[in-house]
Amino acid sequence: MAVVSNGTTIIDAGALGSGVPTGKMILIKTLTASSSATLSFVHGASSVVFDDTYDKYVFKFINMHPATNEAYFTFNMSLDTGSNYNVVKTTTFFRANHPEAGSNGSLAYRTGDDLAQSASFQRLSAQIGNGNDESTSGYLTIFNPSSTVFQKHFMAQSNAYQIGNEHTNNSHIAGYGNTTSAIDAIQFKMHSGNTDSGVIKLYGIGG
Amino acid sequence: MGLISATSTIFDAGSMSAGFGGSMTFIKKLTASSSGTLSFLNGSGGVVLDDTYKEYVFTFKNIHPATDDQAFTFQVDTGSNTSFNQAITSSFFNAQHSEGDANYLMYRATGDLAQGTGFQRLTEGSGNDNDQSCCGTLTIHAPADTTFVKHFIAQTHNAHSGNYAMNNFIAGYVNTTTALTRVRFKYESGNIDAGDICLYGIA
């Protein structure tokens, strides 16, 4: 049965009418870490959508807590539905840092955290302590991952509680996957050890 | 016919009631095709750019220049004016990293404006290789306000013509208390070959 209001079809054949406004930030998938070596979002698997359905995709990572002290939270992209996570990337990384002691706040480019035509995992945070209250949270946005014409641009920001003098580190990361092949999977992991706990949510945003 | 559930009106008179459908509302998509400019004009072509929303977000997807080494830019105007020359004071800094491993983090005086009426840069010189483009967002807060200046915040990422990744942070205000009604995007020189710009209203 269709629902028609004032000549406008609201619902028909199991779907909203095209003229009905809907939310444009759609939750696609939530993964919860539990002593996890990796957390992967693969298009077409476990209800994950990561193709041209949306213009851009946003991952929000919340309280990612490492099993190993001084771990970096990282990500990579795949061109073969998760068989390999090794897309070549050129990236930037800078961060603002401030210790709880209140002195020596700084803003600096981090040459050790960026990539120049490297297929390695990209750091998304400063080093994270594994104390019970230490973690990192933030977001990663990837634009048009399924394009077969353009490089794959991404932007990320995180804040991490860093071991050693109790620092807060606000990291700004961006770059491009230097490929014109479609990206169909994203993997997150700590650079060393498991992700003890934390939640990653994938949203699609599209016009 | 309206649709009422537990005394809440869901639909009536052909539209959804407030509070349904999410708080990020898609308004308009413009797709470039060798376009000199892309303009969003309140009241034209389905564009809403008034006091309906408190903030408006433009998203840029793979904006590709016809001409190499060009900055992607924007300006605004009021009423039905077509000059796109409002006074802007802004800041611009970016992080850069080349494929050859040179890196920088710096304020870019060439990208800011001090009561300038020219177009505000949203990137530095984007490359026009087939796979190069820029992506990002521009948020304009309360464009229809008639008391305050109009703040904007943008972040973009572009592939520079010299094969750099550039993470750009731009913010400022349009120094007018007149309501803004229109926004225009263009490259400093040459056409926008391809790319999409979407406009969303945030309730």
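Our subject is the structure that appears above.
These numbers come from a predicted model, not from an experiment.

Visitor: Which parts of the structure should I look at to understand the overall build of chain A?
Guide: The number of helices and strands found in chain A is zero helices and 16 strands. Here chain A holds 207 residues, and the buried ones make up 51% of them. Within chain A, residue pairs in contact and separated by at least 24 positions form 74% of the contacts whose partners lie at least 6 positions apart. As displayed, chain A offers around 8200 Å² of accessible surface, 45% of which is attributable to carbon and sulfur atoms. Within chain A, one finds 11 positive and 14 negative side-chain charges whose respective centroids are separated by 4 Å.

Visitor: What's the story with the interface of chain B and chain A in this structure? I'm lost.
Guide: Accessible area lost on assembly of the parts is the figure often given for the size of an interface. In this complex, chain B contributes 46 residues to the contact, which on the side of chain A involves 46 residues. Of the roughly 3600 Å² buried where chain B meets chain A, counting both sides, 65% is carbon and sulfur surface. Applying the counting criterion to the chain B and chain A interface returns two salt bridges. The partner of A:Asp55 in a salt bridge is B:Lys61, with the nearest N and O atoms 3.2 Å apart. Between the two partners, chain B and chain A, sit twelve residue pairs in polar contact (both at pLDDT 80 or more).

Visitor: When you look at the sheet that holds strand β15 (residues 180-187) of chain B in this model, what are you seeing that I'm missing?
Guide: The strands making up a sheet are joined through hydrogen bonds of the backbone, oriented either antiparallel or parallel. Residue and element names in this part refer to chain B. Reading across from one edge, β5-β15-β7-β11 is the order of the four strands in this open sheet, with antiparallel pairing throughout. For this open sheet the edge positions go to β5 (38-41) and β11 (120-121), each flanked by a neighbour on one side alone. Of the pairings in the sheet, the one linking strand β7 (residues 72-78) to β15 comprises seven bridges and is antiparallel in character. The residue of β15 that forms the bridge with glutamine 75 is arginine 184.

Visitor: Please clarify how the side chain of B:Glu124 should be interpreted in this entry.
Guide: All names here are of chain B. Turning to its location among the elements, glutamate 124 is positioned in the loop between β11 and β12 (134-141). The class of glutamate 124 is buried, set by a relative accessible area of 7%. A polar atom in the side chain of glutamate 124 sits 2.6 Å from the side chain of asparagine 94. Those residues in contact with glutamate 124, other than ones at most four positions away along the chain, are Gln70, Ala71, Phe92, Asn94, Gln96, Arg108, Thr110, Asn158, His160, Met166 and Asn168.

Visitor: Help me out: how do you make sense of the packing of aromatic side chains in this one?
Guide: Scanning the model with the defined rule gives 25 aromatic pairs over all chains in all. For the ring pair B:Phe40 and B:Phe58, a centre distance of 5.1 Å and an interplane angle of 70° mean the geometry is edge-to-face. Highlighted residues: B:Phe40 in strand β5 and B:Phe58 in strand β6 (residues 55-65), separated in sequence by 18 residues. By relative accessible area, B:Phe40 is classed as buried at 0%. Here a set of aromatic residues connected by ring pairs shows up, and it is made of A:Phe41, A:Phe50, A:Tyr54, A:Tyr57, A:Phe59, A:Phe61, A:Phe73, A:Phe75, A:Phe154 and A:Phe188. Over the face of the ring belonging to A:Tyr203 we find A:Lys60, whose NZ or CZ atom lies 5.9 Å from the ring centre. Its end group placed over the ring of A:Tyr72, A:Arg123 keeps NZ or CZ at 3.5 Å from the ring centre.

Visitor: Sorry if this is basic, but what is going on with the pattern of salt bridges here?
Guide: Close approach of charged atoms allows side chains of opposite charge to pair. Under the criterion given, the structure shown has eight salt bridges over all chains. Ionic pairing is found between A:Asp113 and A:Arg123, a salt bridge with its closest N-O pair at 2.5 Å. Taken together, the residues span a long stretch of sequence, with A:Asp113 in the loop between β9 (106-109) and β10 (116-118) and A:Arg123 in strand β11 (residues 122-123) at a distance of ten residues. Between B:Asp196 and B:Lys29 there is a salt bridge, and its shortest N-O distance comes to 3.8 Å. Linking B:Asp196 in strand β16 (residues 192-202) with B:Lys29 in strand β4 (residues 24-35), this pair joins segments that are 167 residues apart in sequence. With a relative accessible area of 11%, B:Asp196 lands in the buried category. Connected via shared salt-bridge partners are A:Asp55, B:Lys29, B:Lys61 and B:Asp196.

What counts and what doesn't
- Residues numbered from 1 in each chain as written.
- Chains lettered and ligands numbered in written order.
- Predicted model: local features only at pLDDT ≥ 70, side-chain atom pairs only at ≥ 80, totals over all residues.
- Heavy atoms only, no water.
- Helix = DSSP H or I, 4+ residues; strand = E, 2+ residues; numbered from the N terminus.
- Buried < 20%, exposed > 50% of the residue type's maximum accessible area, 1.4 Å probe, protein only.
- Contact = heavy atoms within 4.5 Å.
- Areas by Shrake-Rupley, 256 points an atom, 1.4 Å probe, with all protein chains shown as cover.
- Lys, Arg positive; Asp, Glu negative; His and termini not counted.
- Charge placed at Lys NZ, Arg CZ, Asp CG, Glu CD.
- Buried area = accessible area lost by both parts, 1.4 Å probe.
- Salt bridge = Lys/Arg side-chain N within 4 Å of Asp/Glu carboxyl O.
- Polar contact = N/O pair within 3.5 Å; in protein donor to acceptor, adjacent residues only side chain to side chain.
- Pairing = 2+ DSSP bridges.
- Phe/Tyr/Trp six-rings, centres within 6.5 Å; stacked < 30°, edge-to-face > 60°.
- Lys NZ or Arg CZ within 6 Å of the ring centre and 35° of its normal.

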